[in-house]
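Residues per chain, in single letters:
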Amino acid sequence: MKIGFVGLGVMGFPMAGHLARAGHQLSVFNRSSEKSVRFVDQHGGLAAESVAEAANGVELLALCVGADDDVRDVVGQGLDHLAPGAIVLDHTTTSAKVAREMAERAAASGRFFVDAPVSGGQAGAERGALTAMCGGDRGAFDRAHPVMEAYAKNIRRIGDSGAGQLAKMCNQICIAGTVQGLAEAVHFAQQAGLDTQAVYEAISKGAAGSWQMDNRWATMVEGRFDFGFAVDWMRKDLGLVLDEARTNGAHLALTALVDQFYSEVQAMGGRRWDTSSLVARLQDR
């Protein structure tokens, strides 16, 4: 397929690389052009000089950018340059509102918009093992599905436009609560003078076990927080969650509390630390 890809950050670069290895014809664009040049050096394709050039005549335009306004900007620049009936496949984590806006805008131009935020972090992107939670037209999703298979192992259509973003919010709610519980357990074990490795081995195979425990217990004990998804981005996502909750009436007391804890981590200088750095605010007391 002829594909444009906009946003070659820590997630987008490896995702686009999987598409190139799968044999798709790629044109890529990134605001810092050196990433586009580096991508083409490694994978081939075209380093576009603008969103419009990346979108020109393509059947699918994939996005992996920063936030709502970035998506609006890219769609505004690229939509009219796409092939008729083309799909905008948005892997950015945004509000459900902007996903619905972009779907309406795409439909008015005879094209489609699928919101498809992903989970799995940089490691999942590099391994081609992401989860994609999708919202939008069923036919457009079915056409985009084999494209996503290049970098995602679990791909689900949740419902109409915006549903993928709402599912991603559920994902972030779960992560926030899980990481806070893990941080408190690590802190408690340390305060109690326990062998933290022995504690991990005892509890990780039972009901307390989780991906976060298996991958972050040891690094939290060691105070290492350079493993992907940054606190700044988590706060952006939790802000979306809490805004949506104010609209739909959901009661998210724990999520709001953990968001406040992340603000304390930011104040400690941990804006670029990964999300497991919640333990740092406990160890610093």
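Residues numbered from 1 in each chain as written. Predicted model: local features only at pLDDT ≥ 70, side-chain atom pairs only at ≥ 80, totals over all residues. Heavy atoms only, no water.

Undergrad: Would you mind going over the pairing of strand E2 (residues 25–29) in detail, with residue names and values included?
TA: With four of its five residues buried, E2 lies for the most part within the structure. Bridging between strand E1 (residues 2–6) and E2 involves five bridges; their strand directions are parallel. Across the sheet, lysine 2 pairs through a bridge with glutamine 25, a residue of E2. A crossover links E1 with its parallel partner E2, the connecting element being helix H1 (residues 12–21), and its sense is right-handed. Relative to strand E3 (residues 46–47), E2 runs parallel, the two sharing two bridges. Residue pairing for E3: valine 28 is matched across the bridge by alanine 47. Traced from E2 through helix H2 (residues 33–43) to E3, the parallel crossover comes out right-handed. (Buried < 20%, exposed > 50% of the residue type's maximum accessible area, 1.4 Å probe, protein only. Helix = DSSP H or I, 4+ residues; strand = E, 2+ residues; numbered from the N terminus. Pairing = 2+ DSSP bridges. Right-handed = clockwise from strand over helix to strand, strands pointing away.)

Undergrad: Tell me about the packing of helix H8 (residues 163–191) against helix H12 (residues 253–267), and name the residues and values.
TA: Two elements in contact, H8 and H12, have axes separated by 9 Å at closest approach and are oriented at 65°. The orientation of H8 with respect to H12, classified from their angle, is roughly perpendicular. Remark: the crossing between H8 and H12 carries left-handed chirality. Residues Ile173, Ala176, Gly177, Val179 and Gln180 of H8 lie in contact with H12, whose contacting residues are Leu254, Thr255, Val258, Phe261 and Tyr262. (Axes fitted to C-alpha atoms, helices over the stretch in contact; angles between N-to-C directions. Parallel < 35°, antiparallel > 145°, perpendicular 65-115°, else oblique. Left-handed = near helix turned anticlockwise from the far one by under 90°. Contact = heavy atoms within 4.5 Å.)

Undergrad: Any chance you could break down the environment of leucine 46 for me, citing the residues and the numbers?
TA: As for its position among the elements, leucine 46 is in strand E3. A relative accessible area of 39% places leucine 46 in the partly exposed class.

Undergrad: I'd like to hear about H12, residue by residue, with values.
TA: When the terminal C-alpha atoms of H12 are compared, their 22 Å separation across 15 residues agrees well with the 21 Å that a helix rising 1.5 Å per residue should span. Those residues of H12 that fall on the buried side of the exposure criterion are Thr255, Val258, Asp259, Phe261, Tyr262, Ser263, Val265 and Gln266. Where H12 is buried, its residues contact H8, helix H11 (231–248) and helix H13 (278–283). (Expected span 1.5 Å × (residues − 1).)

Undergrad: How would you sum up the packing of H8 against H11? Please name residues and give values.
TA: Two elements in contact, H8 and H11, have axes separated by 10 Å at closest approach and are oriented at 115°. When the axes of H8 and H11 are compared, the crossing they make is left-handed. Contacts from Leu166, Lys168, Met169, Gln172, Ile173, Ile175 and Ala176 in H8 reach Met234, Asp237, Leu238, Leu240, Val241 and Glu244 in H11. Grouping the constituent residues of the contact of H8 with H11 by class yields nine nonpolar, one polar and three charged. (Nonpolar A, V, L, I, M, F, W, Y, C, P; charged D, E, K, R; others polar.)

Undergrad: I'd like a description of the packing of aromatic side chains, backed by residues and values.
TA: Counting across every chain of the model gives three aromatic pairs. Considering the side-chain rings of phenylalanine 13 and phenylalanine 39, the 5.3 Å spacing of their centres and the 75° angle between planes classify their relative orientation as edge-to-face. Here phenylalanine 39 lies in helix H2 and phenylalanine 13 lies in helix H1, a separation of 26 residues in the sequence. Here phenylalanine 13 and phenylalanine 39 have matching classes, each one buried. Relative to tryptophan 273, the ring of phenylalanine 225 lies with its centre 5.5 Å away and its plane at 40°, an arrangement referred to as tilted. With phenylalanine 225 in the loop between helix H10 (211–222) and H11 and tryptophan 273 in the loop between H12 and H13, this residue pair connects regions lying 48 residues apart in the sequence. Tryptophan 273 sits in the partly exposed class, given a relative accessible area of 27%. Taking NZ or CZ as reference, arginine 281 lies 3.7 Å from the ring centre of phenylalanine 261, over its face. (Phe/Tyr/Trp six-rings, centres within 6.5 Å; stacked < 30°, edge-to-face > 60°. Lys NZ or Arg CZ within 6 Å of the ring centre and 35° of its normal.)

Undergrad: How would you summarise the state of the cysteines if you had to cite specific residues and measurements?
TA: Inspection of the entire model under this criterion finds zero disulfides. A disulfide-free cysteine, cysteine 134 has its sulfur positioned 13 Å from the sulfur of cysteine 64, the nearest such atom. Classification of cysteine 134 as buried rests on a relative accessible area of 1%. (Disulfide = S-S within 2.5 Å.)

Undergrad: Can you lay out the environment of tyrosine 262 for me, pointing to particular residues and giving the numbers?
TA: Within the secondary structure, tyrosine 262 is located in helix H12. Using a relative accessible area of 0% as the deciding quantity, one classes tyrosine 262 as buried. It is 19 Å that separates the C-alpha atoms of tyrosine 262 and phenylalanine 188, two residues lying 74 residues apart in sequence. The contacts of tyrosine 262, once residues within four sequence positions are left out, are Val179, Val231, Met234, Arg235, Leu238, Thr275 and Leu278.

Undergrad: Describe the nonpolar core, with residues and values.
TA: One finds Phe5, Met15 and Met148 to be the most contacted residues of the largest nonpolar core, which totals 32 residues. Those residues in contact with phenylalanine 5 that lie beyond four places of it in its chain are Gly12, Met15, Ala16, Leu19, Ser27, Val28, Phe29, Leu61, Ala62 and Cys64. (Core = buried A, V, L, I, M, F, W, Y, C linked by side-chain atoms within 4.5 Å.)

Just distances and angles here, no functional claims.
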